[in-house]
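Listed below are the residues making up each chain.
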Amino acid sequence: MCGIAGAVGQFSKREADEIVQSMVSSLRHRGPDDQGVCTLTSGTHAVSLGNARLSILDLSSAGHQPMTEQSGRYWIAFNGEIYNFQELRKMLDAGNRIFRTSTDTEVILHAFHRWSLKSFGMLRGMFAFALFDTERRLLYLARDPLGIKPLYYYFAGQRLYFASEVRALLASGRIPRRIKPESVVHFLSCGWIGKSETAISGIELLQPGQLITVDLSGEQIEWRVSTYEQVWSSEPALPKSDRNEAVAHLNHLLEQTVKSHLVSDAPVGLFLSGGIDSTAILQLMTRTGTGAPKTFAVGFPEEDFNECRYANQVAQRYGAEHHELKLGESTLLADLPAALAAMDQPTMDGINSFVISKAVSAAGVKVALSGLGADELFGGYPSFRRALLAGPVAGIPRPVRSVLATVGRTVLSAPRFGKIWDLLNSDCTPESAYRISRRLFDSREIAALVPEWRSPPELPHLPFEGDVINEISQLEMSGYMTDLLLRDTDFMSMASSLEVRVPFVDKVLVRYVLRLSGRWKLDRSAPKTLLLNAMRGSIPEYVWNRRKMGFVLPLDRWMRSAFRGPLEATFGDRKLARAIGLSPSALEEVWRRFLYGAVRWSQP
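The structure reproduced in this document is the subject of the present report.

Rules of the game
Residues numbered from 1 in each chain as written. Predicted model: local features only at pLDDT ≥ 70, side-chain atom pairs only at ≥ 80, totals over all residues. Heavy atoms only, no water. Helix = DSSP H or I, 4+ residues; strand = E, 2+ residues; numbered from the N terminus. Buried < 20%, exposed > 50% of the residue type's maximum accessible area, 1.4 Å probe, protein only. Polar contact = N/O pair within 3.5 Å; in protein donor to acceptor, adjacent residues only side chain to side chain. Contact = heavy atoms within 4.5 Å. Pairing = 2+ DSSP bridges. Axes fitted to C-alpha atoms, helices over the stretch in contact; angles between N-to-C directions. Parallel < 35°, antiparallel > 145°, perpendicular 65-115°, else oblique. Left-handed = near helix turned anticlockwise from the far one by under 90°. Nonpolar A, V, L, I, M, F, W, Y, C, P; charged D, E, K, R; others polar.

The next thing to look at is unusual backbone geometry. Cis rather than trans, the peptide bond between Q65 and P66 has omega equal to 0°. Mapped onto the secondary structure, P66 falls in the loop between β3 (45-53) and β4 (67-68). In the Ramachandran plot, R137 falls in the positive-phi region, its phi being about 60° despite a non-glycine side chain. The residue R137 is located in the loop between β6 (125-133) and β7 (138-143) in this model. R137 sits in the partly exposed class, given a relative accessible area of 23%. Phi is positive for S497, which is not a glycine, with a value near 55°. In this fold, S497 is placed in the loop between α17 (468-494) and β17 (499-501). With a relative accessible area of 15%, S497 lands in the buried category.

Below you can see the structure in the form of structure tokens.
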């Protein structure tokens, strides 16, 4: 796991090298174990690759990056983990004669030499990398098909810059620091900045499964973006009559996936809440027989937010080496500047990931597993049931729904009812129900907050016909999970030099589950029924029956107490508000409404 950076185009070799050195220095938190920059010339162009390394596989200096293979033709700067690298290694050379290291990085180089672009789709893991073919003078920038690891880029004139973080691109000193107005609106609408855009004009995020090919063979750079792999399979659904067989196969697949995510030459831990997802991973970890897993939980004085008693109970059952961090508002207030500084992109979430990542890293652990992705894949969110309810609502004639929405807004005008009225006014498709349920501010509120922008951007429609539950899974995974949770987890964990692995976000597992009947994921008694079926007999019943809480901080309470002073100063800073395109009076009204109203921004 690392941070990567690079610059390619019409630079002198010295200039490119200095730029990338600055970018890599800004990524030192991602890779404190080793740093490297290699600058090559290609005709009239320079290609500079940089890496800040967190040593996970092959802790020796042999894993230094940028890395090349024996011939020196191919060079790579790689961030991530390839979980099937040992399998690929055997396919490439059963005698291990061609390999000089035990890294997955070297496997990517030899796989590309053998299978060219086809090799990218053979990789199972999380990754973003830059691979340069010196002979063909082609540079490839690739991102994993589920978007676990980020890769940002900026193109101007005949120069292309790329990096694992936006801040690294800005550290180049070559990119104007201009806020993109559309990103402010998108953030207000969703609570995150989605898809390819970032907060900075011109800086883009490569999308999951995409590839940038940069051709340096001519006097001018030519580059294009293409898709090399899509996880959302067009394969037909598996027969519904095979549920028992499917559950058995799912159990096997989960075990193999978790086992592959434990491959490491550095200590591995687990974020443990005592809920279904993390308990399932812990149970699967114990099957490997690699010793007592190290588990970590965060607890709060506010009992309705505190999951520690559940985590302790589960940890004891499986003989885990358990660690508990107590967090109060004064502790978080002291850590808040560092947490905010770690945010590479604006987000409504992420501080929780910063807190637990810091604790895990301080305990000497370099790798931690997380249950992220299970709710999206197995139907754990309220959005799944809301989508099913949208069908009956759609049966009401639209004119009647419109009248009901108008009357409702008049009688019950509180913001918490706004989504109900918006749903009545929509086409009531499952996708519309999902979009509305995930909305932060509605169009009227955004128009007041951003006077220069009258309507929020339309989110892209994902063409999908068929299973409603699987459609919501796809929307949750390609939206909320990729654009918020995975982005937050990446920069918040790497701020503490911690690699977080997400076994539920595995392309083989995702493809299989999305081919099963979505109705298997939900029943009247509990969400994530399919996951529970697969783990039946393996995890205790008290885990199934506990109330779902989610790992959230009691921020709404702390914002009204210890955090109130700093927040009031920020909301009252009219100069700052205008600088990012917000109406100062509307912003102050949002704060006043939160402070004195019944609005809750976090709940267990």
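Following the sequence through the fold, R501 ends up in strand β17. At a separation of 2.9 Å, a polar atom in the side chain of R501 contacts the main-chain carbonyl oxygen of V263. Dropping the residues within four chain positions of it, R501 is found in contact with I56, E81, Y83, M126, H261, L262, V263, S264, V367, A368, L369 and S370.

Before going further, it helps to spend a moment on the pairing of β3. Most of β3 is tucked away, with 9 of its 9 residues classed as buried. What you see with β3 is no split at all: H45, V47, L49, N51 and R53 on one side and A46, S48, G50 and A52 on the other are buried throughout. Of the pairings in the sheet, the one linking strand β1 (residues 2-9) to β3 comprises 8 bridges and is antiparallel in character. Across the sheet, G6 pairs through a bridge with L49, a residue of β3. By the bridge criterion, 9 bridges tie strand β2 (residues 34-42) to β3 in an arrangement that is antiparallel. Its bridge partner being in β3, D34 is matched across the sheet by R53.

Before going further, it helps to examine the packing of helix α6 (residues 243-261) against helix α7 (residues 276-287). Where α6 contacts α7, the two axes come as close as 9 Å, and the packing angle between them is 75°. The angle between α6 and α7 falls in the class roughly perpendicular. Contact with α6, carried on its side by N251, L254, E255 and V258, involves I281, L284, M285 and R287 of α7 and no other residues of that element.

Let us look at the sheet that holds β1. Taking strand neighbours across the sheet as the criterion, the 6 strands line up as β2-β3-β1-β9-β8-β10 in an open arrangement whose pairing is antiparallel. Each having just a single partner strand, β2 and β10 (204-205) make up the two edges of the open sheet.

The relative placement of two packed helices comes down to the angle between their axes together with the axis-to-axis distance. For the pair helix α12 (residues 382-394) and helix α15 (residues 430-437), the least separation of the axes is 8 Å and the interaxial angle reads 135°. As judged from the angle between their axes, α12 and α15 are oblique. The way α12 lies across α15 gives a crossing that is right-handed. Here α12 contributes S383, R386, A387 and A390 to the contact with α15, which in turn contributes P430, A433, Y434 and S437. Classifying every residue of the contact of α12 with α15 gives 5 nonpolar, 2 polar and 1 charged.

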